Amino acid sequence: MKTRKAAQGIRIEQDSLGPVEVACNVLWGAQTQRAINHFRVSGLGLPRAMICSLGLVKAVAARTHAELGLMEPKMAKAIERAAMAVSRGDHDDQFPVDIFQTGSGTSSNMNANEVIAALASRRLRRQVHPNDHVNLGQSSNDTIPTAIHVAACQSLQDQLKPALTHLHRVILQRAKSLGKVVKTGRTHLMDAMPIRMDQELSAWAQQISNGVERLDSAMPRLLCLAQGGTAVGSGINAHPSFAGRFARNMARQTGLKFKPSPNAFESISSMDAACELSGQLKVIACSQMKIANDLRWMNSGPLAGLGEIALPQLQPGSSIMPGKINPVAAEAVCMIAARVIGNDTSVTVAAQSGNFQLNVMLPLIAHCLIDSIVLLSRGAMLLADKAISDFEVREARLAEALQKNPILITAANSVLGYDKGAEIAKQAYRENRPLIDVAREQTDLSDT
């Protein structure tokens with residue numbers, strides 16, 4: 001029987017439930033295969049950032065256990081090297097488990113344990129056990145929340161914050177070049193008092209700056225790691241010094257100021273820090289959508305809309321209407337924002353699912369957080385480089401609308417009174433005439 005299976009490219013792996021058939025050409029083992037067999041749900045695998053983070057957790061755990069004298073140096077080094085290869089992305093194809101799996105993420109934790117054990121076994125030329133060695137002093141209960149925090153912190157630091165900083169810089173550069181351009185302001189989509197374009201863009205820049213500050217405000221909780229809490233936060237089977245040493249080693253490995261959670265029971269039973277971050281990401285999504293929609297409105301037309309600016313022409317806009325150009329970059333950013341807002345709803349529901357001592361929607365939280373961070377990073381770059389940096393200002397159109405803007409009469413309220421001002425404004429609207437011409441006829445005010 002075994003010979004026939006081997007000829008078919010199948011090996012038999014064993015776990016506590018019994019034998020499992022696994023392909024010979026993969027690194028994972030029985031528990032990963034069971035998850036593959038049972039959770040064919042979405043086709044969505046663990047995010048790259050989470051695979052990277054899991055690899056880091058396993059590498060740092062092995063190093064820490066060697067320092068504590070709990071693992072022989074050769075074993076620890078083999079596990080660390082294998083885990084770092086996983087973290088780098090050398091074996092991403094060995095992580096096929098669907099995110100819709102066991103709520104603790106045990107399937108993904110064991111996926112990492114089994115892959116790393118197989119790689120380390122090859123290096124050592126003897127068996128490295130996925131539970132006894134790679135998972136030493138750990139539990140899915142503390143490993144997956146730790147990996148979520150590490151992945152989120154690294155993704156913010158390496159992707160989203162640089163992207164937002166770039167967007168902020170591009171907005172300020174454009175604002176500086178538009179300080180002398182005056183346009184009609186709008187409230188309720190209706191004509192309002194004039195505004196300079198640099199003032200209009202300064203609001204966008206402040207929104208993005210505030211977004212970065214919001215991310216920074218969430219970091220102190222994200223930098224607290226559950227690792228060392230093991231099962232339910234009890235710390236069972238973990239060395240008393242493991243949590244502190246692990247956090248220090250992770251900080252040295254990543255350059256981020258990680259520290260042990262002040263309460264492992266809280267960090268394992270709840271995902272409040274992740275929910276807080278998701279809310280901040282939602283605010284940034286709202287900011288990006290607001291900016292994108294302003295650009296779409298300003299670009300609208302160009303003849304029958306506002307036509308204040310012309311966004312870069314990135315592609316033909318219609319398969320049937322020749323010459324049509326659409327604000328595609330801004331539209332893409334609006335869809336990104338909608339997705340992030342939806343992700344936040346998912347994280348909000350998932351974060352409530354801390355049943356007693358464990359949250360049971362961890363893989364979904366991981367997926368939604370990383371998805372939002374990646375999308376917002378790319379949305380920021382899209383706005384900066386494909387919309388804001390190169391839009392053309394149609395100054396003649398702005399001047400024409402501004403000249404006829406009856407709301408300019410507001411500046412004379414203190415002299416004329418509200419009622420007289422309204423009368424002049426309505427006449428200017430009705431006759432489609434410049435406000436100043438009507439004001440000359442109706443009052444004895446000078447042009448200055």
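Described below are features of the structure shown in this document. Being a predicted model, the structure only gives us computed values, none of them experimental. (Residues numbered from 1 in each chain as written. Predicted model: local features only at pLDDT ≥ 70, side-chain atom pairs only at ≥ 80, totals over all residues. Heavy atoms only, no water.)

### What about the environment of Gly233?
- Position of Gly233 relative to the elements: it lies in the loop between strand S5 (224-225) and helix H9 (242-254).
- The exposure class of Gly233 is buried, given its relative accessible area of 8%.
- Along the sequence, Gly233 and Leu358 sit 125 residues apart, while their C-alpha atoms lie 9.0 Å from each other.
- Excluding anything up to four places from it in sequence, Gly233 contacts Ala264, Phe265 and Ile268. (Helix = DSSP H or I, 4+ residues; strand = E, 2+ residues; numbered from the N terminus. Buried < 20%, exposed > 50% of the residue type's maximum accessible area, 1.4 Å probe, protein only. Contact = heavy atoms within 4.5 Å.)

### A closer look at the nonpolar core
- Counting residues in each nonpolar core, the largest one holds 113 residues, and the members touching the most others are Leu281, Leu295, Ile388 and Phe391.
- The residues contacting Phe391, other than those within four sequence positions of it, are Arg174, Leu178, Met197, Leu201, Leu295, Ile309, Ala310, Leu311 and Pro312. (Core = buried A, V, L, I, M, F, W, Y, C linked by side-chain atoms within 4.5 Å.)

### Quick word on the packing of helix H11 (residues 272-299) against helix H13 (residues 362-388)
- Interhelical geometry of H11 versus H13 gives an angle of 25° and a closest axis separation of 10 Å. Our classification of the angle between H11 and H13 gives roughly parallel. Here H11 runs over H13; the crossing is left-handed. Note on element contacts: H13 touches H11 through Ile365, Leu369, Ser372, Ile373, Leu376, Gly379, Ala380, Leu383, Ala387 and Ile388, opposite Ala274, Leu277, Ser278, Leu281, Ile284, Ala285, Gln288, Ile291, Ala292 and Leu295.
- Residue classes in the contact of H11 with H13 are distributed as 16 nonpolar, four polar and no charged. (Axes fitted to C-alpha atoms, helices over the stretch in contact; angles between N-to-C directions. Parallel < 35°, antiparallel > 145°, perpendicular 65-115°, else oblique. Left-handed = near helix turned anticlockwise from the far one by under 90°. Nonpolar A, V, L, I, M, F, W, Y, C, P; charged D, E, K, R; others polar.)

### Description of the pairing of strand S3 (residues 182-187)
- Inspection of the sheet shows S3 paired to strand S4 (residues 190-196) by five bridges, in the antiparallel sense. Across the sheet, the residue bridging to Val182 is Arg196, located in S4.
- Linking two consecutive strands that pair antiparallel, namely S3 and S4, is a turn of two residues; a positive phi of about 60° is found at His188 within it. (Pairing = 2+ DSSP bridges.)

### Things to note about the packing of aromatic side chains
- A complete count under the given rule lists one aromatic pair for this structure.
- With a centroid separation of 5.6 Å and an interplanar angle of 45°, the aromatic rings of Phe242 and Phe246 are classed as tilted. Separated by four residues within a single helix, Phe242 and Phe246 lie in helix H9, roughly one turn from each other. Residue Phe242 shares its accessibility class with Phe246, and that shared class is buried. (Phe/Tyr/Trp six-rings, centres within 6.5 Å; stacked < 30°, edge-to-face > 60°.)

### A few points about unusual backbone geometry
- Omega for the peptide link from Gly301 to Pro302 comes to 5°, which places this bond in the cis form.
- Secondary-structure assignment places Pro302 in the loop between H11 and strand S7 (309-310).
- Its identity as a non-glycine residue notwithstanding, Arg125 has a phi of 65°, on the positive side.
- A positive phi is found at Asn432, a non-glycine position, where the angle reads about 50°.
- Looking at the element boundaries, Asn432 is found in the loop between helix H16 (418-431) and helix H17 (435-442).

### Here's the deal with H13
- Across its 27 residues, H13 extends 37 Å between first and last C-alpha, which sits within 8% of the 39 Å expected from 1.5 Å per residue.
- Taken across its 27 residues, H13 has 21 buried, putting it largely inside the fold. (Expected span 1.5 Å × (residues − 1).)

### Comments concerning the side chain of Ser269
- In this fold, Ser269 is placed in helix H10 (residues 264-269).
- On the basis of relative accessible area, Ser269 is assigned to the buried category, the value being 18%.
- Here Phe265 takes part through its backbone oxygen, which lies 2.7 Å from a polar atom of the side chain of Ser269.
- Beyond its immediate stretch of four places on either side in the chain, Ser269 contacts Gly354, Phe356, Gln357, Leu358 and Asn359. (Polar contact = N/O pair within 3.5 Å; in protein donor to acceptor, adjacent residues only side chain to side chain.)

### What about the pattern of salt bridges?
- Across all of its chains, the model carries 21 salt bridges by this definition.
- Glu67 is the salt-bridge partner of Arg245, the closest N and O atoms lying 3.4 Å from each other. With Arg245 in helix H9 and Glu67 in helix H3 (residues 48-67), this residue pair connects regions lying 178 residues apart in the sequence.
- Across the pair Lys183 and Glu200 runs a salt bridge, and its minimum N-O distance is 3.0 Å. A residue pair is termed long-range when its members are at least 10 positions apart, and Lys183 in strand S3 and Glu200 in helix H8 (residues 197-222) qualify at 17 residues. (Salt bridge = Lys/Arg side-chain N within 4 Å of Asp/Glu carboxyl O.)

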